[in-house]
Amino acid sequence: MLVSSSLLALALLLAPASARDAPRGAQGVNLWRLARLASSADPLSPPTADVQQQESFTASDAAAAARPHFHTQYFEQPLDHFHNTTTATFRQRFWANTRHYRPRPGAPVIVIDGGETSGEDRLPFLDTGIAEILARELGGVGVVLEHRYYGQSVGVQNFSTDALRWLNNEQALEDSARFMRNVKFAGIDEDLTAPGTPWIYYGGSYAGARAAHMRVLYPDIVFGAIASSAVTHAALTNWEYMDVIRRAADARCSANLVSSISTVDTLLKVPRLRTPLKRLFGLEGLESDEDFVSVLEYPLGAWQAKNWDPAVGSTRFDEFCAALNGATPTLADTQRTLALPGGLPVNIALLSYAQWIRENVVVQCPLDSGWTAEDCFGTGDDTRYQAADLSQDWRLWVFQYCTQWGYLTTAPPRGVPAIISRLLDIDYEHKICVQAFPRGAHFAVPPLPNVTAVNALGDFHIAADRLAFVDGEVDPWRPYTPHSTYGGALERADTLLRPFKVIPGGVHHWDENGLRDGAQEPREIRTIHAEIVEFVGAWLEDWEKPAN
């Protein structure tokens, strides 16, 4: 989903495109812009309207070349399925894996919902991941269906507030339904449309919630669905995201994080110590205390990018923890307090934190090209977030969470230890929604995300026969799934008809990717893949072609 919190999208900078989420919050957009500028051959200059119009950075040429090749196909969709506000259409991209297809009644189609990224980022899952695994074992067809507005499935001229008004869960769900009822696959003579063919709908994270929604809203055409890391509970704030990380991380690293952030919050309350503290992190030119502490979230987004496959996942969070813990032998050593010049009291862990931020975040700011810390990390200038040409693809998921999904990452309630500053409140996290999306002639972003539109579809309790939920034990998005341990969700039995599974030690939709040689996967991944094949196979035994 999701990169996120205000900075969960920092995974954008830490992980491959297939493992990242979209930018979150104004600071996330700042870092998206820095990553894009770093990929540009143009000389760097302080941010202007011209700089903001540069081509969007999506992935390196090497990463693009490494993607598996599947023929790109297109399906025409109306931009508005419901309200006749436009007659415009767009071409929705999709890709099909037919290498294992065995023509026969009941041969399944396994479709992966592309979610909030380019569909190309999902192609590895069609080649060696869950779609390939199910298609191979069950003799079916695997498909990746790109989400409207993402990648090249775009039917508007810009990403202004008005142009984005058809980007919502309802329209995108109907895209999938219309596709399933009418698609024709190149090279296949048989009619594989639903409901005459059993379709299995798979999604992870935001797309996982959509998989669950498809099963309950379109039961006549979605024979079964696998909702992985499915955020079926939308929430205005998601402080629990960071709390999962605090509890699951290395205990010493977690304690050092809590101590460091507490010290930062305390020192920022002393006017004469604010500038020396920011200077320690290389951010003395940053005016806003909130902007300063939001930069310190940077390494935490890397937790979500962890994966069992080192070729896919990121080790950045563990590297950050190693730096934070330092070479000192005990927690007490890292929390030993020193007095720096100017009377700034800090411990060893905070010094290490500051060094890491300087060397991994501040270094991205081209200070030697005339930029300032305010240019790079300040969020006070609304105009920096209002360019709306098609290169500004960060606007897509931000628009979706500003309108329907929420997940504004704030500090936890008092009494719960914090690994992000308590200055990060809903006003700060939500301000991107106001900055980026001024009222249009035809649409206005609501004052707060309308999470009821999502939760009305089932929330924590969404359930149906042949609807599976798969979650990671330490996924920071788990609190917003039916497997939540933070309240709201209920215990469920794990059955073939209604599978309910947790991957031990797993993070974010770890079942989606796989290896060409499945025997080389870790035991817990081999197990979940085998279980998915088993329960989908059992579902298919009950399929009967509709009489009409």
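Treat the numbers as computed from the prediction; the structure is a model and nothing was measured.

Caption draft 1: How the structure looks around the pairing of strand 3 (residues 109–113). Strand 3 sits mainly inside the fold: five of its five residues count as buried. Alternating positions in strand 3 separate into two faces, V109, V111 and D113 on one and I110 and I112 on the other, with burial throughout. Sheet topology note: the strand 3/strand 4 (residues 141–145) ladder contains five bridges and is parallel. Looking across to strand 4, one finds that V111 is bridged to V143.

Caption draft 2: Structural view of the packing of helix 6 (residues 130–138) against helix 20 (residues 523–541). Look at helix 6 against helix 20: their axes get within 10 Å of each other, and the N-to-C directions meet at 50°. Accordingly, the angle class assigned to the pair helix 6 and helix 20 is oblique. In this structure, helix 6 crosses over helix 20, and the sense of that crossing is right-handed. Here I130, I133, L134, E137 and L138 of helix 6 lie close against helix 20, whose contacting residues are H529, I532, V533, V536, G537 and L540. Across the contact of helix 6 with helix 20, the residue classes tally to eight nonpolar, two polar and one charged.

Caption draft 3: The arrangement of empty space enclosed by the protein in detail. Counted as a void, the second largest cavity has a volume near 40 Å³. Lining of the second largest cavity is provided by Q92, D113, G114, L145, E146, H147, R148, A172, S176, Y201 and R210. By residue class, the composition of the lining of the second largest cavity is three nonpolar, four polar and four charged.

Caption draft 4: How the structure looks around the environment of H461. Tracing the sequence through the fold places H461 in the loop between helix 19 (452–455) and strand 11 (467–472). Distance from H461 to T481, taken between C-alpha atoms, is 9.1 Å for residues 20 residues apart in sequence. When neighbours within four sequence positions are excluded, H461 is seen to be in contact with G488, A489, L490 and R492.

Caption draft 5: Expanded view of the packing of helix 10 (residues 251–267) against helix 13 (residues 316–325). The contact between helix 10 and helix 13 brings their axes to 9 Å, and the two run at 70°. Considering their axes alone, helix 10 and helix 13 lie roughly perpendicular with respect to each other. Judged by the twist between their axes, the crossing of helix 10 over helix 13 is left-handed. Side by side, helix 10 and helix 13 meet where R252, C253, N256, L257 and S260 of the first sit next to F320, C321, L324 and N325 of the second. For the contact of helix 10 with helix 13, the class distribution of residues is five nonpolar, three polar and one charged.

Caption draft 6: The environment of E319, seen in detail. In this structure, E319 sits in helix 13. What makes E319 partly exposed here is its relative accessible area of 44%. Between the C-alpha atoms of E319 and G472, which are 153 residues apart in sequence, the distance is 22 Å.

Caption draft 7: Quick look at the pairing of strand 4. The element strand 4 is extensively covered by neighbouring structure, given that five of its five residues are classed as buried. Here strand 4 shows a buried face lined by V141, V143 and L145 and a second buried face lined by G142 and V144. Relative to strand 4, strand 2 (residues 89–97) runs antiparallel, the two being bridged by four bridges. Bridging across to strand 4, W95 finds its partner in V144.

Caption draft 8: A look at the pattern of salt bridges. For the coordinates displayed, the defined rule picks out 19 salt bridges. A salt bridge links D127 to R99, with the shortest nitrogen-to-oxygen separation between them at 3.0 Å. One end of the pair, D127, is in helix 5 (residues 123–127); the other, R99, is in the loop between strand 2 and strand 3, and 28 residues separate them in sequence. D127 gets classed as buried once you look at its relative accessible area, which sits at 12%. Residue classification places R99 among the partly exposed residues on the basis of a relative accessible area of 42%. The closest approach of N and O atoms between D465 and R498, which form a salt bridge, is 2.8 Å. With D465 in the loop between helix 19 and strand 11 and R498 in the loop between strand 11 and strand 12 (500–503), this pair connects stretches of sequence that are 33 residues apart. In this structure D465 comes out as partly exposed when scored by relative accessible area, which is 31%. Its relative accessible area of 37% is what places R498 among the partly exposed residues.

Caption draft 9: Here's a closer look at the sheet that holds strand 4. Here we have eight strands laid out as an open sheet, ordered 1-2-4-3-5-6-11-12, and mixed in their pairing. The two strands at the open ends of the sheet, each matched to only one other strand, are strand 1 (72–78) and strand 12. Here the average twist between neighbouring strands, direction ignored, is 25°. Note: strand 3 against strand 5 (residues 199–204), four bridges, orientation parallel. Within the sheet, the bridge partner assigned to V111 lies in strand 5 and is Y201. Contacts between helix 8 (residues 206–217) and the sheet are confined to strand 3, strand 5, strand 6 (224–228) and strand 11, with strand 5 contributing the most and set at about 150° to the helix. Across the face of the sheet, helix 20 comes into contact with strand 5, strand 6, strand 11 and strand 12 while running at roughly 165° to strand 12.

Caption draft 10: Molecular detail of the packing of aromatic side chains. All told, the structure shown has 25 aromatic pairs when counted by the stated rule. Centre to centre, the rings of W239 and Y486 are 5.8 Å apart; their planes meet at 85°, and the pair counts as edge-to-face. Note that W239 is positioned in helix 9 (residues 239–248) and Y486 in the loop between strand 11 and strand 12, a separation of 247 residues in sequence. Positioned over the ring face of Y74 is R91, at 3.8 Å from the centre of the ring. Positioned over the ring face of F223 is R466, at 4.0 Å from the centre of the ring.

Caption draft 11: Region of the structure containing the state of the cysteines. Scanning the model with the defined rule gives three disulfides in all. What pairs with C253 in a disulfide is C321, and their sulfur atoms sit 2.0 Å apart. In this structure the cystine formed by C253 and C321 twists about its S-S bond by roughly -70°; its chirality is therefore left-handed. A residue pair is termed long-range when its members are at least 10 positions apart, and C253 in helix 10 and C321 in helix 13 qualify at 68 residues. For C253, a relative accessible area of 0% gives the class buried. Residue classification places C321 among the buried positions, given a relative accessible area of 6%. Note on cysteine connectivity: C402 is disulfide-linked to C433, with sulfurs 2.0 Å apart.

Basis of the calculations
- Residues numbered from 1 in each chain as written.
- Predicted model: local features only at pLDDT ≥ 70, side-chain atom pairs only at ≥ 80, totals over all residues.
- Heavy atoms only, no water.
- Buried < 20%, exposed > 50% of the residue type's maximum accessible area, 1.4 Å probe, protein only.
- Helix = DSSP H or I, 4+ residues; strand = E, 2+ residues; numbered from the N terminus.
- Pairing = 2+ DSSP bridges.
- Axes fitted to C-alpha atoms, helices over the stretch in contact; angles between N-to-C directions.
- Parallel < 35°, antiparallel > 145°, perpendicular 65-115°, else oblique.
- Left-handed = near helix turned anticlockwise from the far one by under 90°.
- Contact = heavy atoms within 4.5 Å.
- Nonpolar A, V, L, I, M, F, W, Y, C, P; charged D, E, K, R; others polar.
- 1 Å grid on protein atoms, 1.4 Å probe; cavity = no way out; pocket = protein on both sides within 12 Å on 5 of 7 lines; lining within 4 Å.
- Points joined across faces, edges and corners; volume = space filled by probe spheres on them.
- Salt bridge = Lys/Arg side-chain N within 4 Å of Asp/Glu carboxyl O.
- Phe/Tyr/Trp six-rings, centres within 6.5 Å; stacked < 30°, edge-to-face > 60°.
- Lys NZ or Arg CZ within 6 Å of the ring centre and 35° of its normal.
- Disulfide = S-S within 2.5 Å.

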